[in-house]
Amino acid sequence: MNSSLLPIRENIISVRQKLRGACLRAGRSPEDIELVAVTKRVPAHVIKEALAAGVTTLGENRVQELIKKQEVLGTGPQWHLIGHLQTNKVKYIVGRVSLIHSLDSINLAAEINKLWLEREMQCNVLIQVNISGENSKYGLPAGEVCDFIKEVALMPSIRVRGLMTIAPFEEDPERTRPVFSELRLLSEKLSIKFPEVKLQYLSMGMTNDYTVAVEEGANIIRVGTALFGARIY
Ligand SMILES: *Cc1c(COP(=O)(O)O)cnc(C)c1O
């Protein structure tokens, strides 16, 4: 990608405008929605442009990439791990991330708990839920989240802050709406069941579908392509 031609600032303005539109339609306030700039595959010098243009939170989906970029960009920005996390990689990110979006197994929770406990810290996590049921997606089936929360509640260094999902890609983003409304309903149900857990965040919506997600209650959106252009693999 030719970064010097990327109008990052314009892209941010455009995403924020669409976000405002979705908020207006839903009777919500744009300040209540956190934009996570997804920077996987985006080089550090391009990310700097985004930070200069007002982005405050960066989302990476791979541990090694996150660490490399954090060495260059520092801990001024908030760093979120948004992708699948292998248990054996948790040790590399202790103290480096403010939110993990992708908690999806008890083994992973136990490892996070152990390592954060050693530092007498708490780790903020979202539970990833596979609402659509696609085989290709990580995340717990919706029906297992309740028992999962019960078990994780016994781990003192894990702080469950909410739920996350990835909707299937749809040409027409309107078709993702049921996935997002289902995650919101699940969160509402669980909040009644576990008032002490404070399920505050719904991380849902990406470039293709974030406006629909916001209409359905997302308060964290994870946007890459709309800010940085198509990723080159
Ligand atoms: C890549 C990625 C995104 C951003 O996707 P875009 O379509 O580029 O906005 C969001 N969430 C997760 C978990 C991702 O891996």
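The preceding data block contains the structure.
Keep in mind the model is a prediction, meaning the values are calculated, not measured.

Novice: Whenever I open this one, the pattern of salt bridges confuses me. Can you help?
Specialist: Oppositely charged side chains are able to pair whenever their charged atoms sit close together. Counting across every chain of the model gives 13 salt bridges. Close ionic contact of Arg-177 with Glu-216 constitutes a salt bridge, the shortest N to O distance being 2.8 Å. Of the two residues, Arg-177 is situated in helix H6 (residues 177-193) and Glu-216 in the loop between helix H7 (210-215) and strand S8 (220-223); the sequence distance between them amounts to 39 residues. Given the relative accessible area of 12%, Glu-216 is considered buried. A single network of salt bridges, built from pairs that share partners, joins Arg-25, Glu-174, Arg-177, Arg-184, Glu-188, Glu-215 and Glu-216.

Novice: What am I meant to see in the environment of Tyr-233 here?
Specialist: Looking at the element boundaries, Tyr-233 is found in the segment after helix H8 (225-228). Classification of Tyr-233 as exposed rests on a relative accessible area of 65%. The sequence separation of Tyr-233 and Arg-41 amounts to 192 residues, and the corresponding C-alpha distance is 7.9 Å. Leaving out residues up to four positions away in the same chain, Tyr-233 has contacts with Lys-40 and Arg-41.

Novice: I'm lost on the side chain of Gln-70 in this one. Help?
Specialist: One can find Gln-70 in helix H3 (residues 63-73). Beyond its immediate sequence surroundings of up to four residues, Gln-70 is in contact with Thr-75, Trp-79 and Arg-96.

Novice: Whenever I open this one, the pairing of strand S1 (residues 34-38) confuses me. Can you help?
Specialist: Within a regular strand, side chains alternate between the sheet's two faces. The element S1 is largely enclosed, with a buried count of four among its five residues. Where S1 meets S8, four bridges bridge the pair, whose relative direction is parallel. Across the sheet, the residue bridging to Glu-34 is Ile-220, located in S8. Examined bridge by bridge, S1 and strand S2 (residues 57-60) share three bridges and lie parallel to one another. Across the sheet, Ala-37 pairs through a bridge with Leu-58, a residue of S2.

Quick notes on the rules
Residues numbered from 1 in each chain as written. Predicted model: local features only at pLDDT ≥ 70, side-chain atom pairs only at ≥ 80, totals over all residues. Heavy atoms only, no water. Salt bridge = Lys/Arg side-chain N within 4 Å of Asp/Glu carboxyl O. Helix = DSSP H or I, 4+ residues; strand = E, 2+ residues; numbered from the N terminus. Buried < 20%, exposed > 50% of the residue type's maximum accessible area, 1.4 Å probe, protein only. Contact = heavy atoms within 4.5 Å. Pairing = 2+ DSSP bridges.

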